[in-house]
Amino acid sequence: MPTESAGLSAEPPTVSLPSVNSRAVGAVLEPATFLVVAAAVAVAEHFIEGPIGGFGPSAFWVAFWAMAMWSAWHWPAAQTLASSFSGNHLAMLDGRPASPLTLAARELTRAGFLYGLPLLAIEKNIVPVLAMMALSGFVIAKAPGRRAPWDFVVGTVVIEDFGGPAAVIERTEVHSVADLQLNESRNRQNVRARALVLAFGMTSVLVSALIVWSIFSEAWEFFAAQEFSWSSLQGIGWFPRRGIFDVWTLFIGTLWITGIAIALAGPVGLGVAFYLSEYASPRVRRTVKPIIETLASIPSVVLGLFAISFITPQVLQPIDGSIGFASLLAAGLGVGILTVPIIASISEDAMRAVPMELREASYGLGGRRVTTSLRVVFPAALSGISAAFIVGISRAIGETMVVYIAAGGSGGAVLEYDARNEGQTFTAAMASLGAGTDSVAGVGIAFQSLYALGALLFVITLLLNVLSDAIVRRFRQAY
Amino acid sequence: MTMTEFAITAGVKAASGTGANDVFTVDGLNVFYGDHHAVSEVDLAVKEREITAFIGPSGCGKSTVLRCFNRMNDLIDIARVEGTVRYHGVDLYDEAVDPVAVRRRIGMVFQKPNPFPKSIFDNVAYGPRVGGRKGNLDEVVERSLRSAGLWDEVKDRLSESALGMSGGQQQRLCIARAIAVNPDVLLMDEPCSALDPIATGVIEELMKEIQSEYTIIIVTHNMQQAARVSDRTAFFTAEIDERSGQRRGKLVEFEETGTIFSNPGDERTEAYVTGRFG
Amino acid sequence: MHDRQTVSLDSLRARRGDDAAGHVFFLLITAAVGLAFFIVAAVGVDVVVEAWDILANRLWDFLASPSSADEAKSGVSQGIRGSALIAAFVILTFPAGVGAAIYLEEYADDTWLSRLIQVTVRNLAGVPSIVYGLLGVAVFVKGLDGLTGGRSVIAAGLAIAVLVLPVIVITAGEALRAVPTPLREGAYGLGATQWEVIRTQVLPAALPGILTGTVLGVARALGEAAPLLVIGAVGFYTTGNQDFVEQLRGAFTALPMNIANYARLPAETWRGHAAAASFVLLVLVFLINLVAIVVRARISKRLGR
Ligand SMILES: Nc1ncnc2c1ncn2[C@@H]1O[C@H](COP(=O)(O)OP(=O)(O)OP(=O)(O)O)[C@@H](O)[C@H]1O
Ligand SMILES: [Mg+2]
């Protein structure tokens, strides 16, 4: 008999312990319950004019209520405050014993989360919602030792009840390989877990395959379409709805945007990287870096708005009055702002990866900080810095919303070499096509031209990413 | 390269003769990390309820050999083990053997104390719990902590984080944690190297105390420690392989501790224990 | 020339102008940092100034009303609702992202399969967001229209979730990699299986980092507009007496779509609406980032690092 189970046979009846696993499962199951019930109620409501069909988003609320109830009864992980005082419990918060006060604070947060969040979604019929929430709250509060997996989000409260004494693990003699085998259920669990995460890993491959398939099949139809001829690729501009697909126009626009963006983000990003890696003390770095990172978290639509409401009137128009409401220049600067944190952070990583000994050697020879930065650190980090620029370029090419908002050219664009005028890039052209009402049908050559552009964009950025990856890999081997 | 080229001393042969109370018998053990042949042709036998010490200069493969005893090397992708390691006569590297079951019986204490970021109680209860033990583990925890001589110090703060303990306490907690699954063997890889002399003394005493229950193998750089606690000592060294130019670890001598320190059979051993080398 | 014994203190002292290049360089990089700071501040100030009219006079009304053609009534409630639903879809992909990260970091050997997954994840992270819109139209809008109802918030949510997935995989992977080896070895040494080690040691230790990644993914999802544009988010729509499913499958919009639409209206009078919507979006994104920072601070404390 395998020894693992031999030791288990004399096991006393126990309370099943909630593990980290059951909390994680709870956090998934609770929303899942919600979705299933919501779907069921909604379907019922859809077909039966019944008692629950009376108020608007009833499905949402019934499901929400069901979810709360589910939590209340099926999730025995956490216990009430009171049990943290009793002897046979350990009230643990993040691996430390929790004071009742902390538990109470957590409880408030949790309740706020559970009952406050849905308030955001309220559009009508607040009375039944409030009634249901009150009911749920009452039930949950009255169910001792049970808490919702929202704790998973706001903090983990685990109070474990150890039940009766556990059996002692006995030493058994080893006579053959059979005595050195894992108990079946643990083994199975191990194998299944691996299969599960592999399946999740495969989703990314599936997504890639879907992207490639969906884009290239439609793009192919574009090139195969009757309305399309290679001669329609040259012309006076990009007017897909009139069958004029002058890609050159978009190429010039993209070139301008990317060029302007890098012209701004390159020096600024590098400067920031030098400052953070070579000049800033750890304390200064801790304050400066988050501010730079803030730049990365500004949504691009907001920067699009910033381009037309600040960059154009406050920066560009004072310099050149002929610049209009929308221009490639303003859009390029907006995209540049987005690119700064990318270039800064990747370059900084590359500079910090330069071994300290190199710098010390330079200082030892009497090199000043500027000499060390430019003559020692910069060359050593050059491959990483080039990778940063490539990623920045790739990001600038792929940026959509800033250009869509700030470069004008809705519906099409005339071939334009002057950045002070309106224009379009690959992405902005796609956005305009997508936003146009006539593409809603999802058919026709204008719609397919969207995919032809998408394919082009995909290939360009893929190549850039592969290139930067290759550079980074070589650079890693160097140290 | 044949075995004869790696001349094995008579002492090693004598010590590795298979006896009834041998816990481990190692035969022709070779370990590779990728194409680095790190340890070559080790033969030895570890006796039950004895403390066996591994000594030798840095990089000679002591840890590598030690980690073969509970198949910890399986966790390193590039590591490859050749030869046989028998545990009570059962080949540990047999395909049917599960390393998890092996590690349950052959516990390990590491160089740097590595308590889990949990409470003291949960640290000790961890092994029994993953082993499927349910219910109240108070008794198991108390017994393990007592064996590790830690009970009186921590009994009032079992629910506090283990990370708040001193280094010596943490290491004893790691011993208690290993004992809690009631293993047969304890492997200790330089358990005292991160500790001060007082904490070291405590752990050495502890080892002597629990020796009646466990077979212990300890790797140490501290020659006095090996002399003080161990019954038998294995001296390893690393030599440059002429063909590959790599450093390759080998077992030089395996003898009763007294012999190793007072009357070694090999001059390299003598040079090392008298401090003239390594 | 100085004799070795008689080096004067003066000669060791840096002289003015000696390090002109150094000063210029320092000035330049400080200017770069200053410019970055200025931009952050300017974006904030600009948004607040432009939006002031609405923020000061009708903030709650703005939050609670749907878009309309009437400037005095138009608001972003539909956008908030759409963005919240999209965020919900992103949260649902969290297990898939973490699962993939666990596979890559903990299980994957160096096989062609794991390398394929690794490469696709990395490249997916670099694909421009608008391409995910194309994917959304082809797969979720057209392919699965029975489920999604065509150009709906379901299709948009799925597309954005797919967009954020590689972000979650990568940040979760980093969090898993940061778990110290001794922790794993300790657990293995006590006879835990690989899955037990992951479940009981690695995941709890990496959890705050993983959550940070997810939270940042959600923040990213909230700001993403390009795919929605292609999938067909509309400027505004009217809600009839639809039930929940009809709403999910019907016309939709999102906060960044509101901003883009307001900003592109030719009349500058709508600029304030765009700015006010931006203000709401920025506040949401920064609140979410704040959560991420707090969570990260806790990991270091808890793991005693
Ligand atoms: N994970 C690993 N990957 C590759 N090589 C390794 C690895 N672990 C050890 N080695 C190599 O194997 C050889 C033996 O190492 P080992 O750690 O066993 O030595 P040791 O005798 O324990 O040394 P120390 O006294 O410093 O702990 C060394 O040359 C080392 O570089
Ligand atoms: Mg070692």
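Residues numbered from 1 in each chain as written. Chains lettered and ligands numbered in written order. Predicted model: local features only at pLDDT ≥ 70, side-chain atom pairs only at ≥ 80, totals over all residues. Heavy atoms only, no water.

Helices and strands together make up the secondary structure of chain B, namely 11 helices and 10 strands. Going through the 278 residues of chain B one by one, you find that 62% of them count as buried. Considering only residue pairs separated by 6 or more positions, chain B has 69% of its internal contacts joining residues 24 or more positions apart. A total of about 10500 Å² of accessible surface is found on chain B, and carbon and sulfur atoms cover 46% of it. (Helix = DSSP H or I, 4+ residues; strand = E, 2+ residues; numbered from the N terminus. Buried < 20%, exposed > 50% of the residue type's maximum accessible area, 1.4 Å probe, protein only. Contact = heavy atoms within 4.5 Å. Areas by Shrake-Rupley, 256 points an atom, 1.4 Å probe, with all protein chains shown as cover.)

In summary, the side chains of a regular strand alternate between the two faces of the sheet. Residue and element names in this part refer to chain B. Across the five residues of strand 8 (residues 215-219), five count as buried, placing the element largely inside the fold. Of the two faces of strand 8, the one holding Thr215, Ile217 and Val219 and the one holding Ile216 and Ile218 are both buried throughout. Here strand 7 (residues 185-189) pairs with strand 8 via five bridges, running parallel. Within strand 8, the residue paired with Leu187 across the bridge is Ile217. (Pairing = 2+ DSSP bridges.)

Turning our eyes to something else, we now look at the interface of chain C and chain B. Each side of the interface is counted separately: chain C has 18 residues, and chain B has 22 residues. It is Glu185(C), Tyr188(C) and Leu190(C) in chain C that bury the most area against chain B; as a group they hold 37% of the surface buried on that side. Along the contact surface separating chain C from chain B lie one salt bridge. Put simply, chain C and chain B have three residue pairs in polar contact (both at pLDDT 80 or more) between them. Among the secondary structure elements, those contributing two or more residues to the side of chain C that touches chain B are helix 9 (181-189) and helix 10 (194-223) of chain C. The element best represented in the side of chain C that touches chain B is helix 9 of chain C, accounting for seven residues. In terms of residue class, the side of chain C that touches chain B is made up of eight nonpolar, seven polar and three charged. (Buried area = accessible area lost by both parts, 1.4 Å probe. Salt bridge = Lys/Arg side-chain N within 4 Å of Asp/Glu carboxyl O. Polar contact = N/O pair within 3.5 Å; in protein donor to acceptor, adjacent residues only side chain to side chain. Nonpolar A, V, L, I, M, F, W, Y, C, P; charged D, E, K, R; others polar.)

Low pLDDT marks stretches whose predicted atomic positions should not be read closely. All names here are of chain C. Overall, the predicted model of chain C reaches an average pLDDT of 81, with 86% of residues at or above 70. Taken element by element, chain C is modelled with least confidence in helix 1 (residues 9-12), mean pLDDT 59, and with most confidence in helix 9, mean pLDDT 93. The ipTM value of the predicted complex is 0.87, and its pTM value is 0.77. (pLDDT = per-residue confidence, 0-100.)

Looking now at the sheet that holds strand 4 (residues 237-239) of chain A. All names here are of chain A. The antiparallel open sheet is built from three strands, whose spatial order is 5-4-6. Pairing within the sheet leaves two strands with one partner each, and these edge strands are strand 5 (244-245) and strand 6 (413-414). Relative to strand 6, strand 4 runs antiparallel, the two being bridged by two bridges. In the strand pairing of strand 6, Trp238 is matched with Ala413.

On to the side chain of Ser300(A). All names here are of chain A. With respect to the element layout, Ser300 can be found in helix 10 (residues 300-319). Engagement of the side chain of Ser300 in a polar contact is seen with the side chain of Glu399, the distance being 3.3 Å. Beyond its immediate chain neighbours, meaning those up to four positions away, Ser300 contacts Leu338, Glu399, Met401 and Val402.

This part covers the interface of chain C and chain A. Taken together, the 93 residues of chain C in the interface contact 98 residues of chain A. Interface area, chain C with chain A, both sides summed: about 8400 Å², of which 72% is carbon and sulfur. Run the count over chain C and chain A and you get two salt bridges. Notably, a salt bridge pairs Arg122(C) with Asp469(A), separated by 2.6 Å at the nearest N-O pair. Our count for the contact surface shared by chain C and chain A stands at nine residue pairs in polar contact (both at pLDDT 80 or more). With 18 residues, helix 2 (residues 20-64) of chain C is the single largest residue contributor to the side of chain C that touches chain A. Along the lines of polarity and charge, the residues of the side of chain C that touches chain A split into 61 nonpolar, 14 polar and 18 charged.

Turning next to the packing of helix 9 of chain C against helix 10 of chain C. All names here are of chain C. Helix 10 packs onto helix 9 with a crossing angle of 145 degrees between their chain directions and a minimal axis gap of 10 Å. Of the two possible hands of crossing, helix 9 and helix 10 adopt the one that is right-handed. Contact residues: helix 9 offers Leu183, Arg184, Ala187 and Tyr188, while helix 10 offers Gln194, Val197, Gln201, Val202 and Ala205. Split into classes, the residues belonging to the contact of helix 9 with helix 10 amount to six nonpolar, two polar and one charged. (Axes fitted to C-alpha atoms, helices over the stretch in contact; angles between N-to-C directions. Left-handed = near helix turned anticlockwise from the far one by under 90°.)

Residue and element names in this part refer to chain B. Near ligand 1, the surroundings consist of 14 residues, among which Ser58, Lys62, Ser63, Thr64 and His221 are the closest. The contact in question runs from an oxygen atom of ligand 1 to an N or O atom on the side chain of Ser58, over 2.4 Å. Gly59 places a main-chain nitrogen or oxygen 2.8 Å from an oxygen atom of ligand 1. Taking 630 Å² as the accessible area of ligand 1 by itself, protein coverage stands at 67%. If you list the elements that add at least two residues to the shell around ligand 1, you get strand 2 (36-47) and helix 2 (62-68). (Near = heavy atom within 4 Å.)

This brings us to the nonpolar core. Counting residues in hydrophobic clusters, the biggest one holds 155 residues, and the most contacted among them are Ile211(A), Val272(A), Val301(A), Val302(A) and Tyr451(A). Ranked by residue count, the leading element in this core is helix 8 (residues 247-279) of chain A, at 15 residues. Core analysis: the next-biggest nonpolar cluster, separate from the first, contains 122 residues, Ala238(B), Val252(B), Tyr103(C) and Ala187(C) among them. (Core = buried A, V, L, I, M, F, W, Y, C linked by side-chain atoms within 4.5 Å.)

Turning to a nonpolar patch on the surface, a few remarks are in order. All names here are of chain C. Together, Val283, Leu287, Leu290, Ile293 and Val294 make up an exposed nonpolar region whose accessible area comes to about 450 Å². Within the secondary structure layout, Val294 lies in helix 14 (residues 271-302). Judged by relative accessible area, Val294 falls into the partly exposed class, the value being 48%. (Patch = residues over 30% accessible without salt bridge, like charges linked within 9 Å, V, L, I, M, F, W, Y side chains within 5 Å.)

Below, the discussion takes up the packing of aromatic side chains. For the structure on display, the rule yields 15 aromatic pairs over all chains. A ring pair is formed by Tyr279(A) and Phe26(C), whose centres lie 5.3 Å apart and whose planes are at 35 degrees; its orientation type is tilted. Pair noted here: Tyr279(A) is in helix 8 and Phe26(C) is in helix 2, and the two residues belong to different chains. Here Phe310(A) and Phe38(C) contribute two aromatic rings whose centre-to-centre distance is 6.3 Å and whose plane-to-plane angle is 55 degrees, an arrangement assigned as tilted. (Phe/Tyr/Trp six-rings, centres within 6.5 Å; stacked < 30°, edge-to-face > 60°.)

We now examine helix 7 (residues 167-179) of chain B. All names here are of chain B. Taking 1.5 Å of rise per residue, the 13 residues of helix 7 would be expected to cover 18 Å, and the 18 Å separating its terminal C-alpha atoms lies within 8% of that figure. Across the 13 residues that make up helix 7, a large majority, 12, are buried. Every buried residue of helix 7 is listed here: Gly168, Gln169, Gln170, Gln171, Arg172, Leu173, Cys174, Ile175, Ala176, Arg177, Ala178 and Ile179. (Expected span 1.5 Å × (residues − 1).)

Counting all residues, the mean pLDDT for chain B is 85, and 91% of those residues have values of 70 or more. Segment residues 1-17 of chain B is flagged for pLDDT under 50; beyond a separation of four residues in sequence, or across chains, it makes 32 contacts in the model.

Moving on to unusual backbone geometry. Residue and element names in this part refer to chain B. Phi is positive for Glu41, which is not a glycine, with a value near 50 degrees. Turning to its location among the elements, Glu41 is positioned in strand 2. For Arg71, which is not glycine, the phi dihedral falls at a positive 55 degrees. By relative accessible area, which is 11% here, Arg71 ends up buried.

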